[in-house]
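Geometric and topological summary
Given next are the chains, with one letter for each unit.
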Amino acid sequence: MTVEAGVSVAKRVVGGSFLLEDLTPDDVFTPEDLSEEQRQVASTATSFAEEKILAQAEAIEEKDFAVTRELMRELGELGLLGVDVPEEYGGLAMDKITSAIVADNLSVSGGFSVTLGAHCTIGTMPLVWYGTHEQKAKYLPKLASGEWIAAYALSESSAGSDAMNIRTRAKLSEDGKHYVLNGEKMWISNAGFADLFTVFAKIDGEQFSAFLIERGTPGLSVGAEEHKLGIRGSSTCPLVLEDCRVPVENLLGTAGKGHHIAFNILNVGRYKLAAGTLGGMRFAFRNGVRYAKERVAFGKPIATFGLIQEKIADSAAAIYATESAVYRVVGAIDAALADLNHDSATYAQDVQKRIEEFAVECSILKVLGSEALERVADHALQIHGGYGYVEEYPAERSYRDSRINRIFEGTNEINRLIATGFMIKRAVAGTLPLMPAIKKVMDEVMAGPGERVSYDGPMAAERALLASAKKLALFTSGAASQRFGNDLGEQQEVMGALADILIETLTMESCILRAEKQRKANAPGVKLAKYYAMRAFRVIETAAERVLGAVAEGDMLRTQMTIFRRLAKHEPANAVILGREIAAAMVEAGRYRI
Amino acid sequence: MKIIVAIKQVPERDARIRIDSGNKWIDLEDVEFSMNESDAYALEEALQLKEAHGGEVIVVSAGPERAGKTIREALAKGADRAIHLQSSDETELAAYDALGVARLLAASIQDEKADLVLTGLQSDDLGLGQTGVILAELLGLPHASLILKIEVAGNGLKVLRELEDGWFQHIELATPAVLTIQSGNTKLRYATLMGIKKAKTKEVRVIAVADLVASDPSLKPTAPSVVLDQVKLPHKQRSTQLLGGSPAEAAAALVEKLQFEVRVI
């Protein structure tokens, strides 16, 4: 397996270290750093999305799966389904940035993106990472070419977020040649037409394991299509396994170790989902902006009105911020994978371990991307007024399609708990020196008001906000740990608020570093980064207050609020003027353009 | 068949266009570039001919270092190798008119002895529509312009040429020849990921304009026959015209306007 040499331009940072490290712009990967080759891949994906997927949007939406399969086959021919597949099995084995670019730029139809994501990520990656040579040789070339479509079957009617609780059972047949599976699966994307299913079941009710099951295997039946709020172009059905006999050679990975597959795949699923939300956001945004330019009210295009411009600016900043965070994290993952030996027998495990190191960031991206998409889609609909509420305009579909992203690949509630929970786990285990950092901030704030650090450059004010955000993150984490100790994990609302602080700190920093990397005070990104930083800080303030209110009372609370106010002290920039300027540039372009 | 395709890198269609301070050209800062549209169709024709009849496709492009991106895009789509006639900066080629550029191109591809040279009909930036035709003259080859379709017939070619008002002309001509290609008759392929990966290993011969001129002083820029005096953005204006008469008369007037004024039907 070969990976492009020299694609990594980011510093090798430790996963989860963003609260501790102060990075320079050159340490991070930004969308502006895409290599020429990566830009070409983006161009192929964008053209395909515009000319092929959008052209078939109606047929896709009406579940004309022949169209979907044909598009998948064409994508396979172009190599777009094989980015993460090793070359010896018909793939291209390209870097993770390229993989994110494909998910990003192909996303113009929520339904089709789900088909694509289910196939390429959760459908194909288990096989890439855990398959034997025989399994990979048999199935991967067909999946990479789009001849076969893959699905991933983990959830059940009573096991979703608590995936380990599945009831599907597997039992080795008496002759030892088959596993016999019984149970049911729910919400299986691609089930209606998939050729290969990765199905999770417990052997003898105990050993959590994964199996590769081909369509048509006796005992496997696919139920009726669900009637969904959105992503109607995708197939979602239940599966029923009734004495389904699966050859023993189709056990994927080791019996009893299926949870490794389930969890490790999800990290990739999460950053790829976030990458996919970018395409969805740009699409919804473009429709909103175009409508705002055309629609005249009170004798003027509505794009000239401040409250419409505010929605345009907020959306553009959300796209910029998500781009910044996604490409920064995926760039960091590529940098972490860069020195692995592809010929090593443990390569697949090594890759997963390195990606797992970024589990906090992957969860953050998932929440960030899904909620940013929802906001952008909501703004686009609102700009359309009544026309946004009817099917004739694409805003309605974007709005409905966006909603699922907060649910699958781990609900945003689960992902918030993971983000904070993993961070605390690492702090306790000492794998990340968070405890000393918290102690330092606590000592500092207890010592009273110190001298404020001043920053230079076009992002000086935002740098100051970022420094405050990091301190607030450490301060509130410290306060919450002191109050709840080992029980903090049970305080979900506090964990959620801490996650909000983590999410916005990482994102704000990614925006600032990206804008600074453009090295031009008038670069379009500078305004977007400033705009987003203001919003991020408001979210952080609100979340910090929520944490402090829950962990202290009386004098203690008063002291902590004094510290909070000192840390959060800043003068607001003029978001109104900035928003108008951002909106004007986007309206001129008629789309998201920086 | 050995086919040479001349391609030009031009500002992207929806690039943010600003006039530079000298009013002589656009400000190239922050402008994204892409392959000239009709050149992309020329490349597509060449690749299809190669797929059907075998041979080699070589792209040639004159431009600064940034044009390398467009060259590699052509290689990713399937061209076998490339010649980059590289100018040292953004201004070196501006001293040449269409004749001068065609001379440089001719000098750089002369030794290839290609069976067919294709160019786009015209560039999307300057739109002179002359380079291909002059190139034919300089290479001493027959040419045909506005070509929509190329077929191999016997030892030569059968081509379809677009005339005005929906008329077409079928022409047979011998090779070697030069054809300038009209956009829109076929579907452009996408670069495959495998093509993109392989493009890096393909040969790009870089010829510096200065070196070419040093080897043949007749290629030095002479006083250009055409000078770009001033560029300006089109004045945006909106006007509404009410078509009177009966509905039938208004419809007829509308059709005429759409057909001959706006030329959209």
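All values derive from a computational prediction rather than experimental measurement. Here the residue numbers are simple positions, counted from 1 along each chain's written sequence. Here the convention is simple: chains get letters from A, ligands get numbers from 1, in the order in which they are written. Confidence filtering applies because this is a predicted model: local features only for residues at pLDDT of at least 70, side-chain atom pairs given and counted only at 80 or more, and all residues used for totals across whole chains, interfaces and linings. Based on all heavy atoms of the structure, the side-chain values leave hydrogens and waters out of the count.

**Observations concerning the overall build of chain A**
Numbering of helices and strands starts at the N terminus; helices are DSSP runs of H or I of at least 4 residues and strands are runs of E of at least 2. Helix and strand content of chain A: 19 helices and 10 strands. Once the C-alpha set of chain A is aligned to its principal axes, its extents read approximately 75 × 60 × 45 Å. Between two residues, a contact is recorded if the distance between any of their heavy atoms is within 4.5 Å. Here the analysis covers contacts within chain A between residues at least 6 apart in sequence; of these, 77% occur between residues at least 24 apart. Note on areas: Shrake-Rupley, 1.4 Å probe, and residue coverage restricted to the protein chains presented here. Summed over all atoms, the accessible surface of chain A reaches about 23,500 Å², with 52% contributed by carbon and sulfur.

**Let's talk about the UniProt feature "domain: Acyl-CoA dehydrogenase/oxidase N-terminal" (unreviewed entry) in chain A**
The positions UniProt marks with the feature "domain: Acyl-CoA dehydrogenase/oxidase N-terminal" (unreviewed entry) are residues 35-147 of chain A. Helix makes up 72% of residues 35-147 of chain A and strand makes up 0%, while its end C-alpha atoms are separated by 30 Å. UniProt positions are given in the numbering used here, feature names are shortened, and annotations may be inferred rather than shown by experiment.

**With respect to the UniProt feature "domain: Acyl-CoA dehydrogenase-like C-terminal" (unreviewed entry) in chain A**
The residues that UniProt annotates with the feature "domain: Acyl-CoA dehydrogenase-like C-terminal" (unreviewed entry) are residues 469-566 of chain A. Regarding residues 469-566 of chain A, the helix share stands at 85% and the strand share at 0%, and the terminal C-alpha atoms are separated by 12 Å.

**Notes on the nonpolar core**
Core analysis: the biggest nonpolar cluster contains 217 residues, and A:W129, A:I312, A:M508 and B:L179 have the highest contact counts within it. For this core, the element with the highest residue contribution is helix α9 (residues 306-337) of chain A, accounting for 19 residues. Those residues in contact with A:I312, other than ones at most four positions away along the chain, are A:F285, A:V289, A:A292, A:I383, A:A583, A:M586 and A:V587. In these notes, a set of buried Ala, Val, Leu, Ile, Met, Phe, Trp, Tyr and Cys residues joined through side-chain atoms within 4.5 Å is what counts as a nonpolar core. Burial classes: relative accessible area under 20% of the type maximum marks a residue as buried, over 50% as exposed, and values in between as partly exposed (1.4 Å probe, protein chains only). One finds B:L85, B:V101, B:L105 and B:I109 within the second-largest nonpolar core, a separate group that totals 24 residues.

**Details of the interface of chain B and chain A**
Of the residues lining the interface, 18 residues belong to chain B; the matching set on chain A comes to 26 residues. Where chain B abuts chain A, roughly 1,900 Å² becomes buried across the two surfaces, and 50% of that area is made up of carbon and sulfur atoms. Accessible surface is computed with a 1.4 Å probe, and the buried area is the amount of it that two parts give up when combined, taken over both parts together. When the buried surface of chain B facing chain A is broken down by residue, B:Y190, B:L193 and B:K197 rank first, second and third, together holding 42% of it. Criterion for a salt bridge: a side-chain nitrogen of Lys or Arg within 4 Å of a carboxyl oxygen of Asp or Glu. For the pair chain B and chain A, the interface holds six salt bridges. Between B:R72 and A:E36 there is a salt bridge, with its nearest N and O atoms 2.4 Å apart.

**Quick notes on the domain arrangement of chain A**
By convention, interface size is frequently given as the accessible area that disappears when the constituent parts associate. Residue and element names in this part refer to chain A. By the assigned domains, chain A splits into domain 1 (2-149), domain 2 (152-252), domain 3 (258-413) and domain 4 (416-575). For every domain, the bounds stem from an assignment made automatically or drawn from a database. Here domain 3 and domain 4 have C-alpha centroids that lie 23 Å from each other. At the boundary of domain 3 with domain 4, total buried surface from both sides reaches about 2,200 Å², with 63% on carbon and sulfur atoms. As a salt-bridge pair, R328 and E509 come within 2.8 Å of each other at their nearest N and O atoms. In protein, a polar contact means a hydrogen-donor-capable atom and an acceptor-capable atom, both N or O and within 3.5 Å, with residues adjacent in sequence counting only if both atoms are side-chain atoms; elsewhere, any N or O pair within 3.5 Å suffices. Applying the counting rule to domain 3 against domain 4 returns 13 residue pairs in polar contact (both at pLDDT 80 or more). Counting only elements with at least two residues in the side of domain 3 that touches domain 4, the list comes to α9, α11 (359-383) and α13 (412-429). Among the elements that take part in the side of domain 3 that touches domain 4, α9 stands out by supplying 13 residues, more than any other. Only Asp, Glu, Lys and Arg are considered charged in this grouping, and only Ala, Val, Leu, Ile, Met, Phe, Trp, Tyr, Cys and Pro are considered nonpolar; every other residue, Gly among them, is considered polar. Taken together, the residues of the side of domain 3 that touches domain 4 break down into 13 nonpolar, three polar and 11 charged.

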